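# Observations on chain architecture
The residues making up each chain are set out below.
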Amino acid sequence: MSKLTLKTEGANQVIITRRFAAPPAAVYRAHTDPELIQKWLLGPEGWTMPVCISETKSGGKIRYEWSNGKGQGFYLTGEYLELEPFHRIVHVERMFLPDPTPDNHVETRFDADGAGTLMTIRMTLPDAETRAAMLATGMDRGMEASYARLEGMIQPAHK
């Protein structure tokens, strides 16, 4: 069962929320450290990320390349606009499927929530048509598969 919630707002925004049983610093690091990103941001089973660039500074480049090992793949490029360590990331991204999608402006917040973290992602797309096309990909299923993997990596060990 998905722990991710997705809603739309206005004509061109998508808001995604998910809770993690880990502190904001751990969830933030998992979103910025290339070695960690390559382990969890894979979408459905069977996909890998052979290339992961995450230059965590204002203006720093982002490039993720995914492969299913069967000759299929896609990639994302972007730039970090603002980074507030352990609290907030603002970046712009575009997918290449293989043609580039319009820029998606993304703000991700990591707020303490009891013993864990409430992550809120606000995506702002250029228009309703672009948003509809993005939602039609079933991206929420791939995101939840990735976030479940992440949760297994960062969840505190229970003794």
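Residues numbered from 1 in each chain as written. Predicted model: local features only at pLDDT ≥ 70, side-chain atom pairs only at ≥ 80, totals over all residues. Heavy atoms only, no water.

## Brief notes about the pattern of salt bridges
- Enumeration according to the criterion identifies 13 salt bridges in this entry.
- Put simply, Glu 144 and Arg 18 hold a salt bridge, and the shortest N to O gap is 2.8 Å. Taken together, the residues span a long stretch of sequence, with Glu 144 in helix H4 (residues 139–154) and Arg 18 in strand S2 (residues 13–20) at a distance of 126 residues. With respect to burial, Glu 144 and Arg 18 carry one shared label: buried.
- For Arg 18, the salt bridge is made with Glu 151, and the minimal N-O distance between the two is 3.4 Å. Placement of the pair is Arg 18 in strand S2 and Glu 151 in helix H4, with a sequence separation of 133 residues. Each of the two residues, Arg 18 as well as Glu 151, counts as buried.
- One continuous salt-bridge network, built from bridges that share partners, spans Lys 3, Arg 18, Glu 144 and Glu 151. (Salt bridge = Lys/Arg side-chain N within 4 Å of Asp/Glu carboxyl O. Helix = DSSP H or I, 4+ residues; strand = E, 2+ residues; numbered from the N terminus. Buried < 20%, exposed > 50% of the residue type's maximum accessible area, 1.4 Å probe, protein only.)

## Some thoughts on the sheet that holds strand S4 (residues 61–67)
- Ordered by their spatial adjacency, eight strands build an open sheet running S1-S2-S8-S7-S6-S5-S4-S3, and the pairing between neighbours is antiparallel. Edge strands, defined here as strands with exactly one partner in the open sheet, are strand S1 (5–9) and strand S3 (48–54). Averaged over all adjacent pairs, the angle separating strand axes in this sheet is 20°, with direction ignored.
- Across five bridges, the pairing between S1 and S2 is antiparallel. Note on S2: the bridge partner recorded for Glu 9 is Gln 13.
- Of the strands in this sheet, S2, S3, S4, strand S5 (73–84), strand S6 (88–96), strand S7 (104–113) and strand S8 (116–124) touch helix H1 (residues 24–32), which is tilted by about 155° from S7. (Pairing = 2+ DSSP bridges. Axes fitted to C-alpha atoms, helices over the stretch in contact; angles between N-to-C directions. Contact = heavy atoms within 4.5 Å.)

## Some words on the environment of Asp 113
- Relative to the helices and strands, Asp 113 is located in strand S7.
- Note: C-alpha distance between Asp 113 and Ile 53 (60 residues apart in sequence) is 29 Å.
- Discounting chain neighbours no more than four positions away, the residues touching Asp 113 are Arg 19 and Leu 118.
- Side chain to side chain, Asp 113 and Arg 19 meet in a polar contact 2.6 Å long. (Polar contact = N/O pair within 3.5 Å; in protein donor to acceptor, adjacent residues only side chain to side chain.)

It is worth stressing that arrangement in space is one thing and function is another; only the former is reported here.
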